Structure formats: structure tokens, C-alpha cells
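What follows is the residue order along each chain.
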Amino acid sequence: MIALSIIVLLISLLIQGIMSNYLGYTYLDLSIFSTIYVLIALLILNPYFENKKKYFLILIIFGLIMDIVYTNTFILNVCLFIIVYYFSKSFHFFFPYNWITISVSNLLSIFLYHIISFLFLNILKYDVYTFSNLLKILSHSILMTIIYTNIIYTIVVFVKQKFQLKEVK
């Protein structure tokens with residue numbers, strides 16, 4: 001299962017790069033295909049890790065990669081990924097883990113990511129943008145978040161069952 005997780009995360013990282021380079025990613029020219037692909041993959045893979053230390057290691061590594069490669073920050077994405085992880089964990093404490101609740105959870109998680117990022121960047125005056133731009137970012141991330149969540153969830157469940165993969169211990 002660890003190999004599948006790494007492959008899914010690397011593909012998500014690649015898709016993040018492709019989408020950010022070829023689609024509109026400025027506040028004035030957003031695409032409906034924008035979302036945080038790596039975060040979605042991390043949230044989908046979470047239940048397949050019995051050993052949470054290994055999951056956190058992967059979360060931190062891919063958060064750092066996102067920080068260095070795509071956002072040019074140091075540990076912003078790592079912190080945001082951890083906050084979103086705990087939100088998702090508490091969400092799934094109350095709701096079962098199926099494709100509907102995962103879609104809702106991931107959509108709320110992406111919203112939380114963008115809202116906290118907006119607040120943090122505006123407080124520090126690092127990258128100031130307006131509340132209307134935040135609403136535009138949130139509205140443009142809905143479609144792709146739901147689509148990518150369902151695609152990755154279906155692929156992970158299929159491969160896990162087909163190859164009888166075990167949880168990461």
C-alpha cells in the first residue's frame with residue numbers, strides 16, 4: 001500500500017504542476033480545474049495507514065515539496081496540511097468513510113485550506129488579495145475537487161482490492 005500511496009502522491013504532484021503551469025492560476029484568471037491535488041490524495045490515503053507516524057512523514061514530505069516547488073514558502077503547506085488532516089479526521093469520526101462523505105470532507109478541507117491560507121497571508125502581508133478573490137478561488141475549486149476526489153478514491157479502492165493490499169503498519 002505504501003508504493004500505491006507514493007505513486008498516487010507523485011501523480012498528484014505532477015498534475016498540480018501541469019495544472020498550475022497551463023491553466024489560469026492568477027486571481028483574475030482562475031480555472032475551474034484548480035484545486036490542491038496533493039492534499040486531496042493525502043486525505044484519501046489517510047485511512048489506509050494504520051501507522052500514523054508513516055502517514056505524518058509522508059504528509060510532511062509532500063507538504064515540503066509543495067512549499068518548495070509551488071508556493072515558494074517554507075513550512076506553510078506543511079502546517080496547512082496538518083490542520084486540514086485534523087479537520088478531516090474529526091469529520092470522519094462522525095461520518096462513515098464512503099465516496100459521498102469523502103467528497104464533502106475533501107471539499108470542506110480544500111475550503112479550509114484556502115481560508116486559512118488567505119487569513120495567514122493577509123495577516124503577514126505576504127500575498128494580499130481580497131475577500132472577493134477568495135470567494136472566486138473557492139467557487140472555482142468546487143468542481144475539480146469533487147471530480148478528482150472521486151477519481152482517486154475509485155482508483156485506490158480498485159487497486160487495493162485487485163492486488164489485495166494491506167494497510168500500512
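Computed from a predicted structure; not experimentally measured. (Residues numbered from 1 in each chain as written. Predicted model: local features only at pLDDT ≥ 70, side-chain atom pairs only at ≥ 80, totals over all residues. Heavy atoms only, no water.)

Novice: Describe a nonpolar patch on the surface, with residues and values.
Specialist: A contiguous nonpolar patch, built from Ile 32, Phe 33, Leu 143, Ile 147, Ile 151 and Ile 155 and spanning about 490 Å² of accessible area, is present on the exposed surface. Relative to the assigned elements, Leu 143 resides in helix H6 (residues 131–162). By relative accessible area, which is 43% here, Leu 143 ends up partly exposed. (Patch = residues over 30% accessible without salt bridge, like charges linked within 9 Å, V, L, I, M, F, W, Y side chains within 5 Å. Areas by Shrake-Rupley, 256 points an atom, 1.4 Å probe, with all protein chains shown as cover. Salt bridge = Lys/Arg side-chain N within 4 Å of Asp/Glu carboxyl O. Helix = DSSP H or I, 4+ residues; strand = E, 2+ residues; numbered from the N terminus. Buried < 20%, exposed > 50% of the residue type's maximum accessible area, 1.4 Å probe, protein only.)

Novice: Explain helix H2 (residues 37–45) to me, using residue names and the numbers behind them.
Specialist: Within H2, 9 of the 9 residues are buried, which leaves the element mostly enclosed by the surrounding structure. Against the buried residues of H2 lie helix H1 (2–22), helix H3 (52–71), helix H4 (76–94), helix H5 (99–124) and H6. (Contact = heavy atoms within 4.5 Å.)

Novice: Account for the packing of H2 against H4, with residues named and values stated.
Specialist: In contact at an axis separation of 11 Å, H2 and H4 are set at 40° when each is read in the N-to-C sense. Taken as axis vectors, H2 and H4 run oblique relative to one another. By crossing handedness, the relation of H2 to H4 is classed as right-handed. Within the contact between the two elements, H2 uses Val 38, Leu 39, Leu 42 and Leu 43 and H4 uses Phe 81, Val 84, Tyr 85 and Ser 88. Residue classes in the contact of H2 with H4 are distributed as 7 nonpolar, 1 polar and no charged. (Axes fitted to C-alpha atoms, helices over the stretch in contact; angles between N-to-C directions. Parallel < 35°, antiparallel > 145°, perpendicular 65-115°, else oblique. Left-handed = near helix turned anticlockwise from the far one by under 90°. Nonpolar A, V, L, I, M, F, W, Y, C, P; charged D, E, K, R; others polar.)

Novice: Tell me what's going on with the side chain of Thr 149, and back it up with residues and numbers.
Specialist: Position of Thr 149 relative to the elements: it lies in helix H6. Residues in contact with Thr 149, not counting those within four places in the same chain, are Ile 40, Ile 44, Ile 102, Ser 103, Asn 106 and Met 144.

Novice: Could you give me a rundown of the nonpolar core, with the residues and numbers involved?
Specialist: Leu 9, Val 38, Leu 39, Leu 42, Phe 81 and Val 156 are the most contacted members of the largest nonpolar core, which totals 46 residues. Listing elements by their share of this core, those giving two or more residues are H1, H2, H3, H4, H5 and H6. Discounting chain neighbours no more than four positions away, the residues touching Leu 39 are Phe 81, Val 84, Ile 110 and Tyr 113. (Core = buried A, V, L, I, M, F, W, Y, C linked by side-chain atoms within 4.5 Å.)

Novice: Lay out the environment of Leu 135 in plain terms, naming residues and giving numbers.
Specialist: In this structure, Leu 135 sits in helix H6. The class for Leu 135 is partly exposed, based on a relative accessible area of 43%. Separated by 20 residues in the primary sequence, Leu 135 and Ile 115 have C-alpha atoms spaced 9.3 Å apart.

Novice: A description of the packing of aromatic side chains should follow, citing residues and the corresponding values.
Specialist: Per the stated rule, a full pass over the model turns up 14 aromatic pairs. Ring centres of Tyr 37 and Tyr 148 lie 4.8 Å apart, and the angle between their planes is 90°; this geometry places the pair in the edge-to-face category. Taken together, the positions of Tyr 37 in helix H2 and Tyr 148 in helix H6 put the pair 111 residues apart, joining distant regions of the chain. Between Tyr 85 and Tyr 86, the ring centres sit 4.9 Å apart and the planes meet at 65°, which makes this aromatic pair edge-to-face. A relative accessible area of 44% means that Tyr 86 is categorised as partly exposed. A network of ring pairs unites the aromatic residues Phe 49, Tyr 55, Phe 56, Tyr 85 and Tyr 86 as a single cluster. It is Lys 52 that lies over the ring of Tyr 55; its NZ or CZ is 5.7 Å from the centre. (Phe/Tyr/Trp six-rings, centres within 6.5 Å; stacked < 30°, edge-to-face > 60°. Lys NZ or Arg CZ within 6 Å of the ring centre and 35° of its normal.)

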